[in-house]
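Read off the chains here:
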Amino acid sequence: MKYEWDRIAYCDAAEPWQLGFQDAATPMMQGIIDLHHDIMFFLVIIIIFVLWMLVRVLWHFHTKRNPIPERIVHGTTIEIIWRATVLKHL
């Protein structure tokens, strides 16, 4: 019985404050872990892009940089021309 306990003691188990997955015991679990890593990769890229856009908007539209907001946002002329040409071709 002593030898069986020694063999079980070396199996993979969760540890306190563990941040990752345990080692996969089946191919399906390995696939789940790989899917998790792929999703996290794209999630981090999306979060970085959204944070960059948020910081950019806050930087450019700060009250000290633009104390008197204009009624017409930049690019309005090209938007009017674009919509007029699209509506004309419909």
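Residues numbered from 1 in each chain as written. Predicted model: local features only at pLDDT ≥ 70, side-chain atom pairs only at ≥ 80, totals over all residues. Heavy atoms only, no water.

(A) Structural context of the overall build of the chain. Each helix and strand in the chain was counted, giving three helices and zero strands. The 90 residues of the chain split such that 1% are buried. (Helix = DSSP H or I, 4+ residues; strand = E, 2+ residues; numbered from the N terminus. Buried < 20%, exposed > 50% of the residue type's maximum accessible area, 1.4 Å probe, protein only.)

(B) Spotlight on the pattern of salt bridges. As enumerated under the stated definition, the model contains one salt bridge in all. The partner of Glu-79 in a salt bridge is Arg-83, with the nearest N and O atoms 3.6 Å apart. A residue pair is termed a helical-turn pair when its members lie 3 or 4 positions apart in one helix, as Glu-79 and Arg-83 do in helix H3 (residues 76-89) at four residues. (Salt bridge = Lys/Arg side-chain N within 4 Å of Asp/Glu carboxyl O.)

(C) Representation of the packing of aromatic side chains. Per the stated rule, a full pass over the model turns up two aromatic pairs. Measuring from centroid to centroid gives 5.2 Å for Phe-41 and Phe-42, while their planes differ by 75 degrees, and the two rings are edge-to-face. Using a relative accessible area of 48% as the deciding quantity, one classes Phe-41 as partly exposed. An angle of 35 degrees between the planes, with centres 6.2 Å apart, marks the rings of Phe-49 and Trp-52 as tilted. Here Trp-52 and Phe-49 lie together in helix H2 (residues 27-60), a separation of three residues that amounts to about one turn. The exposure class assigned to Trp-52 is partly exposed, which follows from its relative accessible area of 48%. (Phe/Tyr/Trp six-rings, centres within 6.5 Å; stacked < 30°, edge-to-face > 60°.)

(D) Up close: unusual backbone geometry. Phi angles above zero are rare outside glycine, and Trp-17 is one such case at about 60 degrees. Position of Trp-17 relative to the elements: it lies in the loop between helix H1 (2-9) and H2. On the accessibility criterion, Trp-17 (83% relative accessible area) is exposed.

(E) Seen up close, a nonpolar patch on the surface. A cluster of nonpolar side chains, Met-40, Leu-43, Val-44, Ile-47, Ile-48, Leu-51, Leu-54 and Leu-58, forms an exposed patch at the surface whose accessible area comes to about 720 Å². For Leu-51, a relative accessible area of 46% puts it in the partly exposed group. (Patch = residues over 30% accessible without salt bridge, like charges linked within 9 Å, V, L, I, M, F, W, Y side chains within 5 Å. Areas by Shrake-Rupley, 256 points an atom, 1.4 Å probe, with all protein chains shown as cover.)

(F) Up close: the confidence of the model for the chain. The predicted model of the chain averages 82 in pLDDT, with 81% of residues at 70 or higher. Mean pLDDT per element in the chain: H1 is the minimum at 56, and H2 is the maximum at 94. (pLDDT = per-residue confidence, 0-100.)

(G) Examining H3 more closely. In this model, H3 (14 residues) spans 20 Å end to end at C-alpha, consistent with the 20 Å of a helix rising 1.5 Å per residue. Within H3, only zero of the 14 residues are buried, leaving the element largely exposed. (Expected span 1.5 Å × (residues − 1).)

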